[in-house]
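The lines below spell out each chain.
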Amino acid sequence: MKSFALAALLLATLGAAQAHETDYTITTTWFEPQTQPKNSIFQGSFTYDEDTHTVTGLKGLLSESMTGTSAGTMTWLPLNYQLQSWYDATLGGTFAAVFKNSTTATFCSTALCGGPADNWSPQTGVNVGGIYAGFPKASSNPGNAYALIFVPDTPTALLSQAQISKLAYADCAPGGMMGAVCMTGTSLAGYGATGTMDGYPLSQTIAAAVPEPGSYALMLAGLGLIGSVARRRSRRA
C-alpha cells in the first residue's frame, strides 16, 4: 500500500505542477528593410498559466541586424529579465517584455526629451525619437535592450494583424546605436511610426516546448511503481 500511495503521490504532484502551466518556445521577427537579408529576431522561451493568463520566466536572445556580415554572424544579446507584463482584454492576450538589464531604463525620460511617462515603452521610444536613456552623456547610456511579445489566450494560435502590430523591440547596446539613437522596431498601426531604421513587426510563432527529461522520468517512475504494485496484487489473488 505504501508503494502504491507513493506512486500516486508522484503522479499527483506532477499533474498538479503541470495542470495549468505550460512551457513554450517563441520566435518573433521584425523586418529590417535597411539591413537585408538580416532581420531583428527574438528567440526565447516562457511559461504560461492558462487560468490566470500570466507569462513568467520569459528569456531569450535578440539579434542585432546591424552587426555581422550575414544572418548567421549577427551578434545576439541575452535578454533575461522579464520586468513588464499585462493582460489586454481587447486584443485577447498577454503582453510581456524581457530586458537585457535588470531595470527598464532604455529611452530618454527627462525633460530634455519632453518628459515622457516612462523610460522604456515602444510609444516612448517613438515619442523621443529613439534617444537613449542618460542622454546627452553617451557614457550614461545603460545599453539596455528589450523585446515585447504578445501571447494570445490560445498561445499557439496565429496572431491577427492587430496583435502583430503591437510587437516591438529596442536595442540601445553598442551594436544597435546610431549616434544618440537606438535601433527599434515598431509599426505605424501600433505606435504611429515604424522603427528608427524603418523596421516593423513581421511575424511571431509560439510552440509548446518539449518536456524536460526529468518530467518524463518522474512520470515513468510513478507508473512503474503502480505497475509493480498491481503485479504483486495479481499474484496474490
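This write-up is about the structure you can find in this document. (Residues numbered from 1 in each chain as written. Predicted model: local features only at pLDDT ≥ 70, side-chain atom pairs only at ≥ 80, totals over all residues. Heavy atoms only, no water.)

Right, let's talk about the nonpolar core for a bit. Counting 44 residues, the largest nonpolar core has Phe42, Phe46, Leu58, Leu148 and Ile149 as the members making the most contacts within it. Ranked by the residues each element gives to this core, the list is headed by strand S7 (residues 145–152), at seven residues. Sequence-distant contacts of Leu58, defined by excluding residues within four places in its chain, comprise Phe42, Ser45, Phe46, Asn80, Gln82, Ala96, Ala97, Val98 and Ile149. (Core = buried A, V, L, I, M, F, W, Y, C linked by side-chain atoms within 4.5 Å. Buried < 20%, exposed > 50% of the residue type's maximum accessible area, 1.4 Å probe, protein only. Helix = DSSP H or I, 4+ residues; strand = E, 2+ residues; numbered from the N terminus. Contact = heavy atoms within 4.5 Å.)

The next point concerns the sheet that holds strand S1 (residues 21–31). Strand order in the open sheet made by the five strands is S4-S3-S2-S1-S11, with antiparallel pairing throughout. Both outer strands of the open sheet, strand S4 (75–79) and strand S11 (200–208), are each paired with one neighbouring strand and no more. Across the sheet, the mean angle separating the axes of adjacent strands is 20° when strand polarity is ignored. Strand direction decides the pairing type here: S1 and strand S2 (residues 40–49), joined by 10 bridges, are antiparallel. Each bridged residue has a counterpart across the sheet, and for Thr27 the counterpart in S2 is Gln43. (Pairing = 2+ DSSP bridges. Axes fitted to C-alpha atoms, helices over the stretch in contact; angles between N-to-C directions.)

To continue, consider the side chain of Asp88. Relative to the assigned elements, Asp88 resides in strand S5 (residues 81–88). Salt bridges are absent for the buried Asp88, whose nearest opposite-charge side chain, Lys166, sits at 7.0 Å. Those residues within four positions of Asp88 in sequence are excluded, and the remaining contacts are Gly93 and Phe95. (Lys, Arg positive; Asp, Glu negative; His and termini not counted. Salt bridge = Lys/Arg side-chain N within 4 Å of Asp/Glu carboxyl O.)

What follows is about the pairing of strand S3 (residues 54–64). In the sheet, S2 pairs with S3 via seven bridges, with the strands oriented antiparallel. Within S3, the position partnered with Ser45 by the bridge is Lys59. Counted between consecutive antiparallel strands, the loop separating S2 from S3 contains four residues, among which His53 sits at a positive phi close to 60°. Sheet topology places S3 next to S4; five bridges connect them, and they run antiparallel. By the bridge assignment, Gly60 is partnered in S4 with Leu79.

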